[in-house]
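Given next are the chains, with one letter for each unit.
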Amino acid sequence: MGEPNGRTGHKQVMTNEPPADAELWGRARNGDERAFGELFDRHSRTVYNYCFRRTADWSAAEDLTSVVFMETWRRRSQVRLSADSLLPWLYGVAGNVLRNHRRSLRRHGAALERVRALPAAVDDAAAAAARLDAEHEMRAVLDSIRRLNRKDQEVLALCVWEGLGYAEAAAALGVPVGTVRSRLARARKRLRQGAEPARADGHRRGDRPTTLYTEEAS
Amino acid sequence: MIDQTPPMPPARQDMPAGRHAARRTALMTEMSTRRRAPGHRLLFAGLGAAALAGGVAAALVAVPDAAPGTDPDGGPTMVVPMSAPQVLDRAAETAAREAEPRPGQYIYRAAESRGFDTPTVVREQSWYSVNGKGIGLKIEGGQRFWVCEAMARPAPAKAPADCGNDPAYRRDLPIDVKAMRAYLYQKAPGPMPPDVRAYSFVHEIVSGARLAPAAQAAMFKATGTLPGVKLVETTKKHIAVGQTWRGVREELLFEPGTYRFLGTRTVADPDRSFQPKGGKDVADPKDFSDPEARARASKEGRTARYGADQRPGTPLLSWMITDQRVVDAIPPEQLKKP
């Protein structure tokens, strides 16, 4: 009991700052679905776009976004906030999910089937065209960084595309800050070198067309 | 082509119209209905037989005779008329007798989850450090998770001296029955009536968390005082205590004779005799900030809980402990795996 009714709840929203991630997460972790819904509203667009930027595929990004939040909920006892924000954690989960793409989709297959079964909205032709254009553009961008290994791609995506600080990226990746810094430096250097045609530098890992979809042996 | 700046992605976009709402709704559904990992329809034995047993003991609630399968082992044994509080008191005594492990040890647990709408049994094994300093390991559905909160993605080879994990046993719970009862009513989340919320909270906590013996004892004893909690059935395999609301019964299962806690289950059950006061429907349309989701929830008239439309007696979800003990360490062969 003691919960605010709709009216006072509304008033709170009007007069107070929106609750911090930490507060919402605290409530969500204890089973408050609305609090988790609010976190979804707050961060799903970022996660969705990050997944898109790593896959160049909007519909895959949509599924992956669902999986990131379901995984975060499923493993809620292990979630750690970083600088009061859930976002670095979400980026970290997204990284894992992207690496284990097929396995993640399989694990949450039933749930994803249920979402797909929900009625689809009327397709807006202009929006659909914009999505298609972005996919082409993104594919070209991914092609151009393919010479980087997966870890360097990830750091580049987080620090340069997503604008995360070194510390946030380190929290997301679970590596020391120095590692982020050196990977990013290496990535930039390789991209500069990459302007030259030579490619046989021993880093063949990045040459695979499906770098992001490698499944880790378990 | 590439100068000093790395290639940049195109501008961010929103999800296509309506998809954000759909994804959000789906996530909420997952949270509220599938707090446990998925599993598959299990032909639980003994429900039909338990209905007969219901005639023997006044305290037993007759279970609709709709068990999809009947196991010859599942029949009732010596049915001793008991009430839910009596069963829960015995369970509390059993829980309280459990020895406290030493700080450096591990709690090992193996469990199985099943759900009626998914085709697999999900097996989990976990080793949690008693004081939280050691690295933990959880293997769930074949996937391995190292638990070491001091590092976001730890590798066992690099496990630091103190993993910063929470202790294996939850220490935040009261160990006094009255305090536990108050805790359940105060802390239980959700819009349901308080009595349902409190019991559901018990169900949620014991389905997965490791409770210190005293806290588990207090929790079972407090559960016996909650309205609507009844003895459901007694079979050779388990004694089930549950509370039914909106078409779904959430059960706690105990081992006959020893009253050891075995796991939890939810079962479709149309019994409407328990009519708690207060609270709201599980999915109040007002809970949806998105108009589309609100319209959909309202159209569907979500007053029943997930799975309530299944045949009475259908087990919807179950989480059963298959093994639990105190061990000194994570077995070395588990540490070596990639």
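Predicted model only: the values in this text are computed from it and were never measured.

The subject of this paragraph is the overall build of chain B. Across its full length, chain B carries eight helices and nine strands. Residue burial in chain B is summarised as follows: out of 338 residues, 42% are buried. Considering only residue pairs separated by 6 or more positions, chain B has 67% of its internal contacts joining residues 24 or more positions apart.

Looking only at helices and strands, chain A has eleven helices and zero strands in total. In sequence order, the secondary structure elements of chain A are arranged as α-α-α-α-α-α-α-α-α-α-α. Looking at chain A as a whole, 39% of its 218 residues qualify as buried. Excluding contacts between residues fewer than 6 apart, the proportion of contacts in chain A whose partners are at least 24 apart in sequence is 66%.

What follows is about the packing of helix α2 (residues 21-29) of chain A against helix α3 (residues 33-55) of chain A. All names here are of chain A. Relative orientation of the contacting elements α2 and α3 amounts to 140°, with a least axis distance of 7 Å. Considering the angle they form, α2 stands oblique to α3. Both α2 and α3 take part in a crossing whose hand is left-handed. Judged by residue contacts, Asp21, Leu24, Trp25, Arg27 and Ala28 of α2 engage Ala35, Phe36, Glu38 and Leu39 from α3. Per-class residue counts for the contact of α2 with α3 are six nonpolar, no polar and three charged.

Looking now at the pairing of strand β1 (residues 106-115) of chain B. All names here are of chain B. Inspection of the sheet shows β1 paired to strand β2 (residues 122-129) by eight bridges, in the antiparallel sense. Within β2, the position partnered with Tyr106 by the bridge is Ser129. One ladder, built from ten bridges, connects β1 with strand β9 (residues 315-327); its direction is antiparallel. Within β9, the residue paired with Gly115 across the bridge is Leu317.

Turning next to the confidence of the model for chain A. All names here are of chain A. Looking at chain A as a whole, its pLDDT mean stands at 77, while 77% of the residues score no less than 70. Averaged over each element, pLDDT in chain A is lowest for helix α1 (residues 6-15) (38) and highest for α3 (93). Here residues 1-15 scores under 50 on pLDDT; set against residues more than four positions off or in separate chains, the count is four contacts. The model gives residues 196-218 a pLDDT under 50, and that stretch makes 28 contacts with residues more than four places away or in other chains.

Residues and elements named next belong to chain B. With 70% of its residues at a pLDDT of 70 or more, chain B has an overall mean of 75. Here helix α2 (residues 47-56) stands out as the element of chain B with the lowest mean pLDDT, 29, in contrast to helix α6 (residues 213-223), whose mean of 95 is the highest. Below pLDDT 50 for its whole length, residues 35-79 participates in 113 contacts with residues either more than four positions away or in separate chains. The low-confidence segment residues 282-290 (pLDDT under 50) makes 18 contacts with residues lying over four places distant or belonging to another chain. Two summary scores accompany this predicted model of the complex, namely pTM at 0.51 and ipTM at 0.77.

Val87(B), Ala91(B), Leu184(B), Met219(B), Val241(B) and Phe254(B) are the most contacted members of the largest nonpolar core, which totals 61 residues. No other element matches helix α5 (residues 194-206) of chain B, which puts seven residues into this core. With residues up to four places along the chain from it excluded, the contact list for Met219(B) reads Met180(B), Val202(B), Val206(B) and Leu211(B). Of all hydrophobic cores here, the second largest spans 58 residues; its members include Tyr48(A), Trp89(A), Val97(A) and Met28(B).

What follows deals with the pairing of strand β5 (residues 229-234) of chain B. All names here are of chain B. Burial within β5 is extensive, with five of its six residues counted as buried. In this structure, β5 lies alongside strand β6 (residues 239-245), joined through five bridges in antiparallel fashion. Bridging from a neighbouring strand, Val229 pairs with Gln243 of β6. Counting the residues between successive antiparallel strands, the hairpin from β5 to β6 contains four residues.

For residues other than glycine, phi is negative in most cases, and the peptide bonds are mostly trans. All names here are of chain B. Located in the positive-phi region is Arg246, a residue other than glycine, with phi close to 50°. Looking at the element boundaries, Arg246 is found in the loop between β6 and β7 (248-254). A positive phi is found at Tyr259, a non-glycine position, where the angle reads about 60°. Locating Tyr259 in the fold gives a position in the loop between β7 and β8 (261-268). On the basis of neighbour counts, which here come to 20 C-beta atoms within 10 Å, the residue Tyr259 falls in the buried class.

Turning our attention to the packing of α3(A) against helix α4 (residues 58-74) of chain A. Residues and elements named next belong to chain A. Between α3 and α4, the shortest axis-to-axis distance is 8 Å and the interhelical angle comes to 135°. By the angle class used here, α3 and α4 are oblique. The two elements α3 and α4 cross, and the hand of that crossing is right-handed. Residue-level contacts link Phe36, Phe40, Ser44, Val47, Tyr48, Cys51, Phe52 and Thr55 of α3 to Trp58, Ala60, Ala61, Glu62, Leu64, Thr65, Val68, Phe69 and Trp73 of α4. Here the contact of α3 with α4 is composed, by residue class, of 13 nonpolar, three polar and one charged.

With that out of the way, let us pick up helix α4 (residues 177-187) of chain B. Residues and elements named next belong to chain B. Considered for burial, the residues of α4 that qualify are Met180, Arg181, Tyr183 and Leu184. The buried residues of α4 all sit within an arc of 160° when viewed along its axis, so they share a single face. Seen from the open side of α4, the exposed residues pointing more than 90 degrees away from its buried face are Lys178 and Gln186.

The topology assignment puts Arg181(A) in helix α11 (residues 177-194). Residue Arg181(A) is classed as partly exposed on the basis of its C-beta count, with 15 C-beta atoms lying within 10 Å.

Moving on: helix α8 (residues 125-144) of chain A. All names here are of chain A. The end-to-end C-alpha distance of α8 is 29 Å, a good match for the 28 Å that 20 residues give at a rise of 1.5 Å each. Ala134, Met138 and Leu142 are the residues of α8 that are buried. All buried residues of α8 fall inside an arc of 70° around its axis, so they share one side. Opposite the buried face of α8, at more than 90 degrees from it, the exposed residues are Ala125, Ala126, Ala129, Leu132, Asp133, His136, Ala140 and Asp143. If you follow the buried residues of α8, they end up packed against α3.

What counts as what
- Residues numbered from 1 in each chain as written.
- Chains lettered and ligands numbered in written order.
- Predicted model: local features only at pLDDT ≥ 70, side-chain atom pairs only at ≥ 80, totals over all residues.
- Helix = DSSP H or I, 4+ residues; strand = E, 2+ residues; numbered from the N terminus.
- Buried ≥ 20, exposed ≤ 12 C-beta atoms within 10 Å, placed from the backbone.
- Contact = placed C-beta atoms within 7 Å.
- Axes fitted to C-alpha atoms, helices over the stretch in contact; angles between N-to-C directions.
- Parallel < 35°, antiparallel > 145°, perpendicular 65-115°, else oblique.
- Left-handed = near helix turned anticlockwise from the far one by under 90°.
- Nonpolar A, V, L, I, M, F, W, Y, C, P; charged D, E, K, R; others polar.
- Pairing = 2+ DSSP bridges.
- pLDDT = per-residue confidence, 0-100.
- Core = buried A, V, L, I, M, F, W, Y, C linked by C-beta atoms within 7 Å.
- Arc of directions from axis to C-beta.
- Expected span 1.5 Å × (residues − 1).

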